[in-house]
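# Report on the structure
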Amino acid sequence: MEDLPSIPNAQTVGESKKFWKNMLRTILGTSISIILTFGTTALIQQHRKAKDRKMTAMMVMGNIESFAQQLDQNADYMKWNDTLATYLLAIPQDSLDHMDFQMLLFGVNNVTAFQNLSHDKTTESIFSNSIDTWKNLGNFEFIENVGNCFAAMNSMEEIYNEFYNTSDRIRQRLLQDPDAYPGNTIVSKVLRDKEYRDLLTHIHIQAEYYHYLAAYLRWENSKNMELMGVTEEEVKNFIEESNKKEGTSQPAPDQNTFHTPPIDTDGLPDFKDWMQ
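Every value quoted in this text rests on a predicted model; they were computed, and no experiment measured them.

### Overview of the overall build of the chain
Secondary structure summary: the chain contains 11 helices and zero strands in total. Taken from the N to the C terminus, the helices and strands of the chain come in the order α-α-α-α-α-α-α-α-α-α-α. Taking all 276 residues of the chain together, the buried fraction comes to 28%. A fraction of 80% describes how many contacts in the chain between residues 6 or more apart in sequence connect residues 24 or more apart. Surface exposure of the chain reaches about 19,500 Å², of which carbon and sulfur atoms provide 56%.

Encoded structure:
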């Protein structure tokens with residue numbers, strides 16, 4: 001008679017099931033932990049990238065608005081130049097060397113003292129370096145319009161600086177051969193020069209033109225704001241906050257603290273001894 005198979009110990013079977021259950025729980029727990037860790041990291045990175053893109057966009061739009069503000073400020077300042085130019089052009093050319101107008105002629109040194117115009121190209125560089133990211137998101141319209149704004153800003157700066165430097169160019173021309181131009185002084189010679197008088201006449205027109213360029217640039221920038229869902233007020237607030245951060249709580253250096261007494265000639269040693 002064959003031996004019957006032995007019946008497994010109930011305790012052994014229970015422990016085996018318990019082992020596999022624990023193993024399954026461990027595997028599931030580890031897998032879920034890995035998924036949550038990588039998923040959370042991916043979400044954090046995605047959120048950080050979105051935040052960085054928003055910051056870059058605000059820097060871009062803020063940079064464009066700041067340039068438009070600078071154009072407006074320079075154009076407003078030109079009202080003073082325009083008024084002074086009107087005074088100078090009202091002097092009869094045959095009286096430019098008369099003593100009665102000598103005080104007014106001092107204004108020639110200031111009438112074309114326009115404010116500088118330039119913009120920080122750091123933001124443009126940052127945006128250019130992140131174009132691939134914007135392309136991957138499909139923001140082609142934003143890329144194109146921002147590019148148009150920066151190109152316009154560079155052209156406007158070039159136009160402004162050409163006008164800004166015209167006065168110096170005319171003066172240099174006269175100084176190279178002063179005898180070739182009528183007038184007893186350089187000032188009267190300059191004010192008799194047709195190109196210089198045309199320059200003074202065009203100050204008013206130039207101021208109007210720069211106000212127009214500022215308005216045009218804001219119109220282009222408004223497209224960027226619409227694409228990014230940002231208001232003009234938000235951009236201006238961003239500029240204001242950025243300007244605050246650029247400051248410092250430390251006081252500016254006092255020039256007087258760098259003052260030292262001049263060298264006393266009586267206290268100097270013999271030159272040969274000093275040289276040695």
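So that's the structure; there's more coming.
### Quick notes on helix α6 (residues 140-176)
Between its terminal C-alpha atoms α6 stretches 53 Å, which fits the 54 Å expected from 37 residues at 1.5 Å a residue. For α6, the principal kink sits at threonine 166 and spans about 35°.

### Side note on the packing of aromatic side chains
Remark: the centre distance and the inter-plane angle together describe each pair of aromatic rings, the angle taken between the planes. With the rule as written, the count across this model stands at eight aromatic pairs. Both rings, one in tyrosine 160 and one in tyrosine 210, keep their centres 4.9 Å apart while their planes meet at 55°; by these two values the pair is tilted. Separated by 50 residues along the polypeptide, tyrosine 160 in helix α6 and tyrosine 210 in helix α9 (residues 203-228) bring together distant segments of the chain. On the basis of relative accessibility, which here comes to 1%, the residue tyrosine 160 falls in the buried class. Using a relative accessible area of 0% as the deciding quantity, one classes tyrosine 210 as buried. Measuring from ring centre to ring centre gives 6.4 Å for tyrosine 212 and tyrosine 216, while their planes differ by 35°; the resulting arrangement is tilted. Note that tyrosine 212 and tyrosine 216 are positioned in helix α9 at a spacing of four residues, about one turn of the helix. Residue classification places tyrosine 216 among the partly exposed residues on the basis of a relative accessible area of 31%. Here the guanidinium or amino end of lysine 223 rests over the ring plane of tryptophan 219, the centre of that ring lying 4.0 Å away.

### Description of α9
An ideal rise of 1.5 Å per residue puts 38 Å on 26 residues; α9 measures up with 38 Å between its terminal C-alpha atoms. Among all positions in α9, only Ile203, Gln206, Ala207, Tyr210, Leu213, Ala214, Leu217, Glu220, Asn221, Asn224 and Met225 are buried. Of the residues one or two after α9, glycine 229 is the one with positive phi, at around 65°.

### Quick word on the nonpolar core
Tyr196 and Leu217 are the most contacted members of the largest nonpolar core, which has 49 residues in total. Counting residues per element, the ones that place at least two in this core are α1 (10-89), α3 (108-111), α6, α7 (186-192), α8 (194-201), α9 and α10 (232-246). When residues of this core are assigned to their parent elements, the largest contribution, 13 residues, is made by α1. Beyond its immediate stretch of four places on either side in the chain, tyrosine 196 contacts Val108, Val111, Thr112, Ser167, Ile170, Arg171, Val190 and Leu191.

### Details of the pattern of salt bridges
Taken as a whole, this structure holds 11 salt bridges when the rule is applied. A salt bridge links aspartate 193 to arginine 173; its shortest N-O distance comes to 2.9 Å. Of this pair, aspartate 193 sits in the loop between α7 and α8 while arginine 173 sits in helix α6, and the two are 20 residues apart along the sequence. The exposure class assigned to aspartate 193 is buried, which follows from its relative accessible area of 9%. Among the ionic pairs, aspartate 198 bridges to lysine 194, the shortest N-O distance being 3.0 Å. Here the residue aspartate 198 and the residue lysine 194 both occupy positions in helix α8, the gap between them amounting to four residues, near one helical turn. In this structure, a network of salt bridges that share partners links the residues Arg169, Arg173, Asp193 and Glu195.

So, how was this worked out
- Residues numbered from 1 in each chain as written.
- Predicted model: local features only at pLDDT ≥ 70, side-chain atom pairs only at ≥ 80, totals over all residues.
- Heavy atoms only, no water.
- Helix = DSSP H or I, 4+ residues; strand = E, 2+ residues; numbered from the N terminus.
- Buried < 20%, exposed > 50% of the residue type's maximum accessible area, 1.4 Å probe, protein only.
- Contact = heavy atoms within 4.5 Å.
- Areas by Shrake-Rupley, 256 points an atom, 1.4 Å probe, with all protein chains shown as cover.
- Expected span 1.5 Å × (residues − 1).
- Bend = angle between axes of the 7 residues up to and from the residue.
- Phe/Tyr/Trp six-rings, centres within 6.5 Å; stacked < 30°, edge-to-face > 60°.
- Lys NZ or Arg CZ within 6 Å of the ring centre and 35° of its normal.
- Core = buried A, V, L, I, M, F, W, Y, C linked by side-chain atoms within 4.5 Å.
- Salt bridge = Lys/Arg side-chain N within 4 Å of Asp/Glu carboxyl O.

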